[in-house]
Amino acid sequence: MNRNRIAFQGELGANSHEACQAAFPDMDPVPCATFEDAFEAVRSGDCHLGMIPVENSIAGRVADVHHLLPSSGLRIIGELFKPIHFQLMANPGVRIEDLKSVASMPFALAQCRGVITRLGLARESVSDTALAARQLSERPDPTRAAIAPALAARLYGLDILLPDIEDTHNNTTRFLVMTADQEAPTPPGDARCVTSFVFRVRNLPAALYKALGGFATNGVNMTKLESYMENAAFTATFFYSEIDGRPEDAPVARAFEELQFFSERFEILGVYPAAPYRAQVV
């Protein structure tokens with residue numbers, strides 16, 4: 001296992017790349033074309049860690065990721081909440097008044113609608129913010145701009161014409177840090193923790209209500225519960241959930257015991273320290 005490499009989905013200069021640098025500045029970031037590729041890079045040992053976005057405060061959950069988590073064979077060992085800022089960038093020497101169009105991924109274009117409309121720019125969609133910056137660097141055009149993170153401007157030699165142009169300035173993405181190392185250290189005993197798990201309830205009347213009752217009666221705070229279709233079946237019996245606490249806590253242990261009685265599948269995906277951001281939004 002290469003312990004100095006961390007995988008992420010996207011191009012160099014993407015928000016996920018910035019997240020890697022923020023959390024693990026001494027590790028080498030490894031870009032991957034897809035989330036599947038990023039998971040495989042960690043699973044195979046090519047990378048020690050993966051930095052995976054799971055939800056955004058504006059756009060909601062990253063759907064593909066949650067379907068990959070249960071079968072990934074990886075453990076969640078950390079989380080990171082990253083503020084998302086978008087920069088309007090162009091080739092060196094280009095003036096704002098020369099611009100005719102701007103390229104970025106659809107979500108970024110939607111998040112910067114105010115500035116784009118004010119400048120009267122045509123929108124061009126690409127699959128990744130940093131890809132828009134790289135393509136502009138490779139094919140300079142004084143009439144085109146890109147919207148991407150500040151890191152992309154530095155990597156591809158572009159000038160930032162307008163900083164932080166997003167319409168909503170509390171835009172935040174949550175990332176999970178994942179590893180294939182099943183012997184990774186557990187969080188310190190005094191750390192506030194989050195436990196992520198998946199379960200599938202039995203085919204019984206009110207099974208979900210009964211399965212979750214133990215969390216209420218034992219005073220366990222459930223911070224996330226999301227349902228998914230599985231195997232193309234139109235049934236909402238597969239769930240991803242997160243709670244405050246760790247499995248060895250007595251209230252959590254009792255809640256998990258009750259959950260498993262009404263479930264036909266239960267798997268803990270990770271126990272990890274709660275990010276400081278959680279305390280700021282409580």
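In what follows, the structure referred to is the one given above.
All figures in this text were calculated on a predicted structure; none of them were measured in a lab.

### Quick word on the overall build of the protein
- Within the protein, the regular secondary structure consists of 10 helices and 15 strands.
- Taken along the three principal axes of its C-alpha coordinates, the protein extends 65 × 40 × 35 Å.
- Burial analysis of the protein (282 residues in total) assigns 50% to the buried set.
- A sequence separation of at least 24 residues applies to 74% of the contacts in the protein between residues at least 6 apart.
- One way to put it: in the protein the 25 positive side-chain charges average out to a point 3 Å from where the 34 negative ones average out.

### Focus: the pairing of strand β5 (residues 75-83)
- When you tally the buried positions in β5, you get 7 out of 9 residues, the bulk of the element.
- Pairing analysis gives 8 bridges linking β5 to strand β11 (residues 172-179), with the strands arranged antiparallel. Residue pairing in the sheet places Leu 80 in a bridge with Phe 175 of β11.

### Structural notes on the sheet that holds strand β8 (residues 122-125)
- What the 5 strands build is an open sheet, ordered β8-β7-β9-β6-β10; its pairing is mixed. Looking at which strands have only one partner, the edges of the open sheet turn out to be β8 and β10 (159-162). Between one strand axis and the next, the sheet turns through 35 degrees on average, direction left out of account.
- Each of β6 (87-90), β7 (101-104) and β9 (144-148) touches helix α6 (residues 129-138); the most contacted strand, β9, lies at about 150 degrees to it.

### Focus on the pairing of strand β12 (residues 193-201)
- The buried fraction of β12 is high, at 9 of 9 residues.
- Where burial is concerned, the two faces of β12 agree: the one with Cys 193, Thr 195, Phe 197, Phe 199 and Val 201 and the one with Val 194, Ser 196, Val 198 and Arg 200 are both buried.
- Relative to strand β15 (residues 263-273), β12 runs antiparallel, the two being bridged by 9 bridges. In the sheet register, Ser 196 faces β15, and the bridge partner there is Gly 270.
- Across 7 bridges, the pairing between β12 and strand β14 (residues 238-244) is antiparallel. Its bridge partner lying in β14, Val 198 is registered against Tyr 240.

### Overview of the pattern of salt bridges
- One pass over the full model with this rule turns up 20 salt bridges.
- The partner of Arg 134 in a salt bridge is Glu 11, with the nearest N and O atoms 3.0 Å apart. In this pair, Arg 134 is assigned in helix α6 and Glu 11 in the loop between β1 (5-9) and α1 (15-23), connecting sequence segments 123 residues apart.

### A word on helix α2 (residues 35-43)
- Listed as buried for α2 are Phe 35, Ala 38, Phe 39, Ala 41 and Val 42. Taken down its axis, α2 places every buried residue within 155 degrees of arc, on the same side.

### Considering the packing of aromatic side chains
- A complete count under the given rule lists 9 aromatic pairs for this structure.
- With centroids separated by 4.5 Å and ring planes inclined at 15 degrees, the aromatic side chains of Phe 81 and Tyr 277 adopt a geometry described as stacked. Of this pair, Phe 81 sits in strand β5 while Tyr 277 sits in helix α10 (residues 276-281), and the two are 196 residues apart along the sequence.
- Phe 81 gets classed as buried once you look at its relative accessible area, which sits at 19%.
- Centroid distance Phe 261 to Phe 262: 5.0 Å. Interplanar angle 85 degrees. Geometry classified as edge-to-face.

### A closer look at unusual backbone geometry
- A positive phi angle is found at Asp 164, which is not glycine, with a value near 45 degrees.
- With respect to the secondary-structure elements, Asp 164 resides in the loop between β10 and β11.
- Backbone geometry places Ala 206, a non-glycine residue, at a positive phi of 60 degrees.
- Here Ala 206 lies in the loop between β12 and α8 (207-217).

### What to know about the state of the cysteines
- Throughout the structure, instances matching the rule amount to 0 disulfides.
- As a non-bridged cysteine, Cys 32 has Cys 47 as the owner of its nearest cysteine sulfur, 6.0 Å distant.
- With a relative accessible area of 8%, Cys 32 lands in the buried category.

Criteria and thresholds
- Residues numbered from 1 in each chain as written.
- Predicted model: local features only at pLDDT ≥ 70, side-chain atom pairs only at ≥ 80, totals over all residues.
- Heavy atoms only, no water.
- Helix = DSSP H or I, 4+ residues; strand = E, 2+ residues; numbered from the N terminus.
- Buried < 20%, exposed > 50% of the residue type's maximum accessible area, 1.4 Å probe, protein only.
- Contact = heavy atoms within 4.5 Å.
- Lys, Arg positive; Asp, Glu negative; His and termini not counted.
- Charge placed at Lys NZ, Arg CZ, Asp CG, Glu CD.
- Pairing = 2+ DSSP bridges.
- Axes fitted to C-alpha atoms, helices over the stretch in contact; angles between N-to-C directions.
- Salt bridge = Lys/Arg side-chain N within 4 Å of Asp/Glu carboxyl O.
- Arc of directions from axis to C-beta.
- Phe/Tyr/Trp six-rings, centres within 6.5 Å; stacked < 30°, edge-to-face > 60°.
- Disulfide = S-S within 2.5 Å.

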